[in-house]
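The lines below spell out each chain.
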Amino acid sequence: MQVDDIRVFIPSKDYETSKSFYQALGFKMDYVSDDLSLFENGDCFFFLQRFYNHDLANNLVLQLSVLDINEAHERIKCLQGFDFKYNPIQEERWGKVIFLWGPSGELWQITEFTGN
């Protein structure tokens, strides 16, 4: 089996709010159906679904690799009107990371790898 891509389906407690949140974060949204949207940034994609399960959302962790963690941090700091939280940039032995919890409780580990 040769795999060339993998895409996650992210649950949303409030579908319209989550769609707006990810667009404000810098993702381009494409309509798939009334209950599903495809988000893209560069060569990276994920689906947002009009479906919510508390346990799933609060145990979902995604890693988003970025080239410039400071640019990501500035964008996150400017987000307004959404119920989310994040930690400031942390240094790890493998790079820098921001932990961001989206509007449905999903956790994003936004990472800039340093190559160590």
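Structure shown above.
Residues numbered from 1 in each chain as written. Predicted model: local features only at pLDDT ≥ 70, side-chain atom pairs only at ≥ 80, totals over all residues. Heavy atoms only, no water.

All right, on to the overall build of the protein chain then. If you tally the helices and strands in the protein chain, you get 3 helices and 9 strands. The order of helices and strands in the protein chain, counted from the N terminus, is β-α-β-β-β-α-β-α-β-β-β-β. At 14 Å, the protein chain has a C-alpha radius of gyration in line with the 13 Å of a compact globule built from 116 residues. Considered along the principal axes of its C-alpha atoms, the protein chain spans approximately 40 × 40 × 25 Å. Across the protein chain, contacts joining residues at least 24 apart in sequence account for 50% of those joining residues at least 6 apart. As displayed, the protein chain offers around 7300 Å² of accessible surface, 48% of which is attributable to carbon and sulfur atoms. A gap of 3 Å separates the mean positions of the 10 positive and 18 negative side-chain charges of the protein chain. (Helix = DSSP H or I, 4+ residues; strand = E, 2+ residues; numbered from the N terminus. Rg over C-alpha atoms; globule rule 2.2 N^0.38 Å. Contact = heavy atoms within 4.5 Å. Areas by Shrake-Rupley, 256 points an atom, 1.4 Å probe, with all protein chains shown as cover. Lys, Arg positive; Asp, Glu negative; His and termini not counted. Charge placed at Lys NZ, Arg CZ, Asp CG, Glu CD.)

Ordered in space as β1-β4-β3-β2, the 4 strands form an open sheet in which the pairing is mixed. Two strands lie at the open edges of the sheet, namely β1 (9–11) and β2 (28–33), each paired on one side alone. Across the sheet, the mean angle from the axis of one strand to that of its neighbour is 30°, orientation sign disregarded. Bridge count between β2 and strand β3 (residues 36–41): 5 bridges; the pairing is antiparallel. Residue Tyr31 lies in a different strand from β3, and its bridge partner there is Ser37. (Pairing = 2+ DSSP bridges. Axes fitted to C-alpha atoms, helices over the stretch in contact; angles between N-to-C directions.)

Glancing now at the pattern of salt bridges. Applying the stated criterion across every chain, the model contains 6 salt bridges. When the shortest N-O distance is used, the salt bridge between Asp5 and Arg7 registers 2.7 Å. Of the charged contacts, one joins Arg50 and Asp35 as a salt bridge, the two residues approaching to 2.8 Å between their closest N and O atoms. Of this pair, Arg50 sits in the loop between β4 (44–49) and α2 (54–59) while Asp35 is found in the loop between β2 and β3, placing the two residues 15 residues apart along the sequence. Here Arg50 falls in the partly exposed class, since its relative accessible area comes to 42%. (Salt bridge = Lys/Arg side-chain N within 4 Å of Asp/Glu carboxyl O. Buried < 20%, exposed > 50% of the residue type's maximum accessible area, 1.4 Å probe, protein only.)

Quick look at the side chain of Thr111 now. With respect to the element layout, Thr111 can be found in strand β9 (residues 107–113). When neighbours within four sequence positions are excluded, Thr111 is seen to be in contact with Gln63, Leu64, Ser65, Val66, Ile69, Trp94, Lys96 and Val97.

Once that is clear, we can look at the environment of Gln90. As for its placement among the helices and strands, Gln90 is situated in strand β7 (residues 90–92). What makes Gln90 partly exposed here is its relative accessible area of 28%. Sequence separation between Gln90 and Val8 is 82 residues; the distance between their C-alpha atoms is 25 Å. Filtering out sequence-adjacent residues up to four positions away, Gln90 remains in contact with Gly95, Lys96, Val97 and Phe99.

Before going further, it helps to spend a moment on the environment of Leu67. In this fold, Leu67 is placed in the loop between β5 (61–65) and α3 (69–78). A residue is classified by how much of its surface remains accessible, and Leu67, at 84% relative accessible area, is exposed. In this structure the C-alpha to C-alpha distance between Leu67 and Asp30, which are 37 residues apart in sequence, comes to 24 Å.

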